[in-house]
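Working through the structure, step by step
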Amino acid sequence: MDKTASLQSNSDFSIHISHSKKQGYFTMRSNHYHDHYEIYYLLDGERNYFIKDKIYSVKKGDLVFINKYDIHKTIDGAVPRHERLLINFKEEFLDINSEEERKILLYCFKTGRPIIRLNESDQTFVKNLISQMLKEQLTEGPGYLVMLKTYLLQLLVFVYRLTEQKNKLSADFADINANNTIHKRISEIVQYINGHYNEPLSLSGVADIFYISPYYLSRLFKEVTGFNFIEYINLVRVREAQKLLRKSNAKIIEIAQMVGFGSVAHFGRVFKSITSL
C-alpha cells in the first residue's frame, strides 16, 4: 500500500454548502470522518448525533460543529423526517493570519461541546446567513468566493461571541447531551475502544469488561451509534493509521501493528475499504 494514499473525503474543494430534506427514516452512511471542518444546522425535525464518543440529541435550530477527523454519524430521532443545511470548509479557506484569529474562528470546534442550542432570534440570523451562502454558491456571481468567506467569518465570530458572552455551551449542554442510561453506557464503551484500539479487541471481550452479553452489546452499539461494533473499531484504527502515515516514517507493517491489526494483509484490506469510499 502506498504511504501517500489520499485521506478519506480529500477533494479539491475549499468550501461547500449543501441543503438536504429527508422524508421518513434516514441514517447517514458509515465510515464518516474527514480532513475538513463541518457545520450542521438542523432546520426541521430531530436527530441523534454520534460525535467522537458521545451521543447528542439535536433539535430544530441547533448548530453542530464537527472537528477535523472526528468520527460522526447522524441517526434517526423521534421525528421520522428532517431538513438541514451543511457547511464543509478547509482551514486554508479562512486564510488565518494569527493565533488570535485561529482561537476565535475555530473556537467552536475545539470546546469538546459540539452543539449550540439557539434562541429564535439567533436561529433566524443563522438560517438567513447560511441560506445566503447557499445562494452565492449556486449563482457563482462575481466575487462569490469572497462573499462566502465573508459570511463564514461572520458566522464563526458570531458563534464565538455567543458562547463567550452568553455562556450558551455550559447553560444548554445538559439538555443536549443524551441523558439516556443506555446512551451513557454505550458512550463509556466507545471511550474504552478509543483508548484501547491498539490492543486486541473483540465483541465478547469488551462485553465481559462491561458485564453485558455480546448479543446485547452488538445490538445496542448499532442502535445507538449507527455503527457495527467491528466497523467502528476498524474505522478508529484506520483513522489513527492515517495520522501515522502523515506524521511518521514508520513502515506499513509497523503502523499496522501500532494501531491494532494482526497482519499487514488485513490492515491493507480494511484500509482500502474505508478510504476508497
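Residues numbered from 1 in each chain as written. Predicted model: local features only at pLDDT ≥ 70, side-chain atom pairs only at ≥ 80, totals over all residues. Heavy atoms only, no water.

Tracing the backbone shows Lys 73 in strand S5 (residues 72-76). The buried charged residue Lys 73 lacks any salt bridge, with Glu 231 as its nearest oppositely charged partner at 5.2 Å. Among the polar contacts made by the side chain of Lys 73, one reaches the main-chain carbonyl oxygen of Gly 226 at a distance of 2.5 Å. (Helix = DSSP H or I, 4+ residues; strand = E, 2+ residues; numbered from the N terminus. Buried < 20%, exposed > 50% of the residue type's maximum accessible area, 1.4 Å probe, protein only. Lys, Arg positive; Asp, Glu negative; His and termini not counted. Salt bridge = Lys/Arg side-chain N within 4 Å of Asp/Glu carboxyl O. Polar contact = N/O pair within 3.5 Å; in protein donor to acceptor, adjacent residues only side chain to side chain.)

Take helix H12 (residues 264-275) next. An ideal rise of 1.5 Å per residue puts 16 Å on twelve residues; H12 measures up with 16 Å between its terminal C-alpha atoms. Residues Phe 267, Val 270, Phe 271, Ile 274 and Thr 275 constitute the buried set of H12. The buried side chains of H12 occupy one side of the element, clustering within an arc of 115 degrees when seen end-on. For H12, the exposed residues set more than 90 degrees away from the buried face come down to Arg 269 and Lys 272. The elements touched by buried residues of H12 are helix H10 (229-247) and helix H11 (252-258). (Expected span 1.5 Å × (residues − 1). Arc of directions from axis to C-beta. Contact = heavy atoms within 4.5 Å.)

What follows concerns the environment of Lys 127. Mapped onto the fold, Lys 127 is located in helix H4 (residues 120-139). Of the residues examined, Lys 127 reaches a relative accessible area of 41% and is grouped as partly exposed. Leaving out residues up to four positions away in the same chain, Lys 127 has contacts with Tyr 41, Leu 43 and Leu 85.

What tends to happen in soluble globular proteins is that the nonpolar side chains get buried as a cluster. Judged by nonpolar contacts, the single largest core of 40 residues is most densely connected at Ile 189, Leu 217, Phe 221 and Tyr 232. Elements supplying a minimum of two residues to this core: helix H7 (181-196), helix H8 (203-209), helix H9 (214-225), H10, H11 and H12. Sorting elements by how many residues they give to this core places H10 first, with eight residues. Apart from the residues within four sequence positions on either side, Tyr 232 is in contact with Phe 50, Lys 52, Ile 71, Val 190, Ile 193, Asn 194, Phe 221 and Phe 227. Among the nonpolar cores identified, the runner-up in size contains 33 residues, and Ile 87, Ile 96, Ile 116 and Leu 129 belong to it. (Core = buried A, V, L, I, M, F, W, Y, C linked by side-chain atoms within 4.5 Å.)

Moving on, we get to unusual backbone geometry. Here the phi dihedral of Tyr 69 falls at roughly 70 degrees; this positive angle occurs in a residue that is not glycine. With respect to the helices, strands and loops of the structure, Tyr 69 is situated in the loop between strand S4 (62-66) and S5. Even without being glycine, Asp 95 reaches a positive phi, approximately 55 degrees. Topologically, Asp 95 is positioned in the loop between helix H1 (91-94) and helix H2 (99-105). On the accessibility criterion, Asp 95 (45% relative accessible area) is partly exposed.

Turning our eyes to something else, we now look at the pairing of strand S6 (residues 81-89). Burial within S6 is extensive, with eight of its nine residues counted as buried. Here strand S1 (residues 15-23) runs beside S6; their pairing, made up of nine bridges, is antiparallel. Bridge assignment links His 16 to a residue of S6, and that residue is Asn 88. Sheet topology places strand S2 (residues 37-51) next to S6; eight bridges connect them, and they run antiparallel. Looking at the pairing, Tyr 37 lines up with Phe 89 of S6. (Pairing = 2+ DSSP bridges.)

Looking now at the layout of surface pockets. By volume, the second largest pocket amounts to about 200 Å³. Lys 52, Asp 70, Gly 112, Arg 113 and Pro 114 are, among the 15 residues lining the second largest pocket, the residues nearest its centre. If you list the elements that add at least two residues to the lining of the second largest pocket, you get strand S3 (54-59) and helix H3 (107-110). Ranked by residues supplied to the lining of the second largest pocket, first place goes to H3 with three residues. Looking at the lining of the second largest pocket residue by residue, the classes come out as six nonpolar, three polar and six charged. (1 Å grid on protein atoms, 1.4 Å probe; cavity = no way out; pocket = protein on both sides within 12 Å on 5 of 7 lines; lining within 4 Å. Points joined across faces, edges and corners; volume = space filled by probe spheres on them. Nonpolar A, V, L, I, M, F, W, Y, C, P; charged D, E, K, R; others polar.)

Relative orientation of the contacting elements H7 and H10 amounts to 40 degrees, with a least axis distance of 10 Å. Classed by the angle they form, the pair H7 and H10 counts as oblique. In this structure, the crossing between H7 and H10 has a hand that is right-handed. Between H7 and H10, the residues in contact are Val 190, Ile 193 and Asn 194 and Phe 229, Tyr 232, Ile 233 and Val 236, respectively. Grouping the amino acids of the contact of H7 with H10 by side-chain chemistry returns six nonpolar, one polar and no charged. (Axes fitted to C-alpha atoms, helices over the stretch in contact; angles between N-to-C directions. Parallel < 35°, antiparallel > 145°, perpendicular 65-115°, else oblique. Left-handed = near helix turned anticlockwise from the far one by under 90°.)

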